[in-house]
Amino acid sequence: MYSFEFEKPSTIADAVAALASEDAQALGGGQTLIPTMKQRLAAPSKLVSVSGIAEMQGVCIEDDGSVAIGGATTHARVAVEAAGSYPALAAVAGQIGDPAVRNRGTIGGSVANNDPAACYPACVLGSGATIVTNTRQIAADDFFQGMFTTVLEEGEIITSVRFPVPQAASYQKFLQPASRFALVGVYLARFADGVRVAVTGASEDGVFRWSEAEEALNKEFRPDALMGLHINPANMIGDLHGSKEYRAHLVGVMTKRAIEACS
Amino acid sequence: MTQVSMTVNGKAVSGDVEGRTLLSSFLRDQLSLTGTHVGCDTAQCGACVVHVNGEAIKSCNMLALEADGADVGTIEGQAAEDGTLNVIQQAFQDHHGLQCGFCTPGMVMSAAALLKDNPRPTEGEIRKYLEGNLCRCTGYHNIVKAIMAASGQDVSSIAAE
Ligand SMILES: Cc1cc2nc3c(=O)[nH]c(=O)nc-3n(C[C@H](O)[C@H](O)[C@H](O)COP(=O)(O)OP(=O)(O)OC[C@H]3O[C@@H](n4cnc5c(N)ncnc54)[C@H](O)[C@@H]3O)c2cc1C
Ligand code: FES
Ligand code: FES
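Everything numeric here is computed off the predicted structure, so don't read it as measured data.

Conventions used here
- Residues numbered from 1 in each chain as written.
- Chains lettered and ligands numbered in written order.
- Predicted model: local features only at pLDDT ≥ 70, side-chain atom pairs only at ≥ 80, totals over all residues.
- Heavy atoms only, no water.
- Contact = heavy atoms within 4.5 Å.
- Buried area = accessible area lost by both parts, 1.4 Å probe.
- Salt bridge = Lys/Arg side-chain N within 4 Å of Asp/Glu carboxyl O.
- Helix = DSSP H or I, 4+ residues; strand = E, 2+ residues; numbered from the N terminus.
- Nonpolar A, V, L, I, M, F, W, Y, C, P; charged D, E, K, R; others polar.
- Domains from an automatic or database assignment.
- Near = heavy atom within 4 Å.
- Polar contact = N/O pair within 3.5 Å; in protein donor to acceptor, adjacent residues only side chain to side chain.
- Areas by Shrake-Rupley, 256 points an atom, 1.4 Å probe, with all protein chains shown as cover.
- pLDDT = per-residue confidence, 0-100.
- Expected span 1.5 Å × (residues − 1).
- Buried < 20%, exposed > 50% of the residue type's maximum accessible area, 1.4 Å probe, protein only.
- Pairing = 2+ DSSP bridges.
- Axes fitted to C-alpha atoms, helices over the stretch in contact; angles between N-to-C directions.

J.: I keep staring at the interface of chain A and chain B and nothing clicks. Help me out?
T.: Many analyses report the size of an interface as the accessible area lost when the parts associate. The interface is formed by 26 residues belonging to chain A together with 19 residues belonging to chain B. Summing both sides of the interface, chain A and chain B together bury roughly 1900 Å²; the carbon and sulfur share of this comes to 53%. In this structure, the salt-bridge partner of lysine 58 of chain B is aspartate 98 of chain A, at a minimum N-O distance of 2.6 Å. Contributing elements (two or more residues each) for the side of chain A that touches chain B: α2 (33–38), β3 (46–49) and α5 (99–102) of chain A. Of the residues belonging to the side of chain A that touches chain B, the class tally is twelve nonpolar, nine polar and five charged.

Here's what the structure looks like:
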């Protein structure tokens, strides 16, 4: 790791000010950023830890019934504190990595990083959540811009993520046991006004919505509704853990499991 | 250099560190607490697990400055002052829960964190909790057995396949 300055502000305003200097970067739980810096794939001049900012911590229920998670809330905390209000979201958090990773890693870091195999992006997109930053509110449909890319500006901080709570939802993760990420993961949420299906781990463009499946499920909510639907393997991820065709096939299998879990 | 202060195994300590100094390096190189092992240095293996404010974390993946003011527990704080092993350590010895011993500090610290939240875990719960702790000697059965025994459960029916 190259050397860098370190700051740990206690308010969002101070963090935004600290991030204004050139090549400064936010530090969440460091579970992705520290390994990346060790490999010298990132070399920020300054790290601004958001872990000491009280207003970015915790889970709360808004007036409209949505569940808001502070941007610096750890996966372990979401797994416990969202279990009553949005169980499928809590289940996603509880399946990330291992206990020690969950005790440090945060929702803001995971969503900002947009790893193509990460769990939270599927849950955020599948729920139609809103990403709240220090400057604006961004719909999940507009936020993710392909592998490791989002609409976040330099120095912009995710202060919270707000989830509308569906009638039923399920995350089906096909574990890649070495990395502990998803080989393929499908998040399905059923709202009064329609079904959303978001897929992680599969596409070279990162997390995506499987709109053909959504349309079919809006007509008829049962596993057979997917019959005849296929994901085109062409732009799926193919690597030593699974071919493009294998991942395309898994998307259908995991979606069916999610439908069964929500039926 | 910035000064960092924390409580480690009940004692107040401080030292000068760089921004990039890892908690594992601070413990090992500055405090000479070399019981915390660094196996992979990439957050995969769990050999470096310590407790920060009671929670198990991988110390190779946390900056020392992030632990400023924290209450840190390492393997050196597990046994009594006179060297008497605690119940988890003793169970590892009794049930052959270690071979080369490299993964053992992390295994014991993870086990301690598990038993604090879940005093009588099932075999399945133990295996699930240890997903982030790798043993290259692959002594998992006896590690699981030791943790079950440490939680006061009968282990006679657990096979060491
Ligand atoms: C062994 C292991 C297993 C894992 N398994 C999984 C898994 O199964 N599923 C999964 O989804 N993830 C997994 N992860 C990744 C883990 O969830 C990370 O915690 C997460 O991807 C990054 O979160 P972080 O808080 O650690 O962010 P950091 O590593 O601190 O930061 C990541 C990026 O986000 C930026 N950032 C951080 N916080 C904010 C913020 N509030 N606003 C704006 N930008 C911010 C940083 O600048 C950086 O670019 C695993 C990690 C490890 C080490
Ligand atoms: S040395 Fe920290 S996880 Fe392997
Ligand atoms: S006992 Fe050798 S690595 Fe576990």
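J.: Sorry, what's going on with the domain arrangement of chain B here?
T.: All names here are of chain B. For chain B, the assigned domains are domain 1 (2–76) and domain 2 (87–150). In this structure, domain 1 and domain 2 have C-alpha centres spaced 21 Å apart. Listed per partner, the contact involves 16 residues of domain 1 and 15 residues of domain 2. In total, about 1100 Å² of surface goes out of reach between domain 1 and domain 2, with carbon and sulfur atoms giving 63% of it.

J.: Is there a simple way to think about the site of ligand 1 in this case?
T.: Close to ligand 1 lie 30 residues; Ala26, Gly29, Leu33, Thr106 and Arg180 of chain A are nearest. One chain alone does not account for the residues near ligand 1; they come from chains A and B. In this structure, glycine 109 of chain A approaches ligand 1 through a main-chain N or O atom, which is 3.5 Å from an oxygen atom. For ligand 1, an oxygen atom lies 2.9 Å from a polar atom in the side chain of lysine 173 of chain A. Here ligand 1 loses 95% of its free accessible area of 960 Å² to cover by the protein chains. When residues of the shell around ligand 1 are traced back to their parent elements, those giving at least two are β2 (24–27) and α6 (107–113) of chain A. With four residues, the single largest contributor to the shell around ligand 1 is α6 of chain A. Looking at side-chain class alone, the shell around ligand 1 contains 13 nonpolar, 14 polar and three charged residues. Residue-level mapping places the shell around ligand 1 at the junction of two domains, with at least three residues from each of domain 1 (5–163) and domain 2 (168–262) of chain A.

J.: Whenever I open this one, the confidence of the model for chain B confuses me. Can you help?
T.: As a note on interpretation, predicted positions should not be read in detail where pLDDT is low. Of all residues in chain B, 98% attain a pLDDT of 70 or more, and the chain-wide mean is 96. Here the complex is predicted with pTM 0.97, and the ipTM for its interfaces comes to 0.96.

J.: What is the right way to look at helix α10 (residues 244–262) of chain A in this model?
T.: Two residues of an α-helix separated by three or four positions point the same way, owing to the 3.6 residues in each turn. All names here are of chain A. Here α10 is 19 residues long and its end C-alpha atoms lie 27 Å apart, about the 27 Å a rise of 1.5 Å per residue gives. Considered for burial, the residues of α10 that qualify are Arg247, Ala248, Leu250, Val251, Gly252, Met254, Thr255, Ala258, Ile259 and Cys262. Next to the buried residues of α10 lie β9 (168–175), β10 (182–191), β11 (194–200) and α9 (211–219).

J.: Can you help me understand the sheet that holds strand β12 (residues 208–209) of chain A in this one?
T.: Pairing between sheet strands relies on hydrogen bonds along the backbone, with the strands arranged either parallel or antiparallel. Residue and element names in this part refer to chain A. A sheet is described by the order of its strands in space; here four strands give the open sequence β9-β10-β11-β12, paired in antiparallel fashion. Each edge of the open sheet is held by one strand with a lone partner, namely β9 and β12. Set on the sheet, α9 makes contact with β10, β11 and β12; between it and β11 the angle comes to about 150 degrees.

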